[in-house]
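Analysis of the macromolecular model
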Amino acid sequence: MMQMEGPSMASDFAVFLGEMIRRPTEVVAIAPSSAAVARRMTEGVEQVQGPIVEIGPGTGSFTRAILDRGVAPERLTLMEMNPRFCETLRQKFPGVTVLNRPAQDIERIGLRDIGAVISGVPVLARPQIQRDVVGRAFRVMARDGFFTQITYSSSAPISPDMQAELGLRAEKRATVWANLPPARVFSFSRAGH
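Overview of the structure. Only a predicted model underlies this, so the values are computations on that prediction, with no experimental measurement involved.

**Quick notes on the pattern of salt bridges**
Per the counting criterion, the structure on display carries eight salt bridges. Here aspartate 68 ties to arginine 64 by a salt bridge, and the two come within 3.8 Å at their closest N and O atoms. Placement of the pair is aspartate 68 and arginine 64 together in helix H3 (residues 61-68), with a separation of four residues, close to one helical turn. By relative accessible area, aspartate 68 is classed as exposed at 56%. Taking relative accessible area as the criterion, arginine 64 reaches 37% and is therefore assigned partly exposed. A salt bridge links arginine 139 to glutamate 107; the nearest nitrogen and oxygen atoms lie 2.9 Å apart.

This is the structure we're talking about:
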């Protein structure tokens with residue numbers, strides 16, 4: 001069972017539930033991600049240089065974890081499609097750049113040498129989306145940058161064939177059984193790094 005952690009988690013859940021009901025095709029998780037998943041998703045961000053981008057931040061559970069790891073707000077850019085979530089994120093995280101844009105625009109937001117991309121969008125199952133999101137992210141990412149992805153599947157959300165096409169390798173970081181539903185965290189980096 002997911003743990004609620006204080007009043008802001010309850011409020012996040014209310015916003016999340018409201019948007020899930022209003023926009024069922026956009027909000028695809030069952031509940032905001034747990035603190036345990038957020039810790040595993042954000043491992044290593046405190047060690048990277050350059051900007052950090054979070055795609056699909058929702059109500060900000062990964063955003064909070066990134067900032068809690070000591071990343072300065074001005075280094076963090078959030079890309080979120082849902083306007084209500086964008087409004088909430090701007091209020092909760094002053095100094096963080098919040099863009100109401102799709103993840104596919106990552107090459108067009110003016111950032112280069114991105115150190116890490118944290119993806120809370122659990123819908124990378126289609127090859128074209130993988131090319132448009134992950135492929136484009138690695139075109140503007142630092143040589144040793146990484147892309148961390150949450151999935152609810154037991155296998156890597158990017159197939160071995162697509163990893164080869166994009167020149168990437170996958171590493172499974174964790175399975176978090178306490179999340180609703182249980183979540184797996186995978187990290188992708190350039191093959192050879």
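**What to know about the side chain of serine 119**
Checked against the element boundaries, serine 119 lands in strand E4 (residues 114-119). Engagement of the side chain of serine 119 in a polar contact is seen with the side chain of glutamine 149, the distance being 2.7 Å. With residues near it in sequence (within four places) discarded, serine 119 still touches Met41, Ile55, Phe147, Thr148, Gln149 and Ile150.

**A closer look at H3**
Burial of H3 is extensive: six of the eight residues sit out of reach of the surface. Among all positions in H3, only Ser61, Phe62, Thr63, Ala65, Ile66 and Leu67 are buried. The secondary structure elements touched by the buried residues of H3 are helix H2 (35-41), strand E1 (52-55), strand E2 (76-79), helix H4 (83-92), E4 and strand E5 (141-151). Positive phi appears at glycine 70, one or two residues downstream of H3, with a value of about 95°.

What counts and what doesn't
Residues numbered from 1 in each chain as written. Predicted model: local features only at pLDDT ≥ 70, side-chain atom pairs only at ≥ 80, totals over all residues. Heavy atoms only, no water. Salt bridge = Lys/Arg side-chain N within 4 Å of Asp/Glu carboxyl O. Helix = DSSP H or I, 4+ residues; strand = E, 2+ residues; numbered from the N terminus. Buried < 20%, exposed > 50% of the residue type's maximum accessible area, 1.4 Å probe, protein only. Polar contact = N/O pair within 3.5 Å; in protein donor to acceptor, adjacent residues only side chain to side chain. Contact = heavy atoms within 4.5 Å.

No statement about biological role is implied by the geometric values presented.
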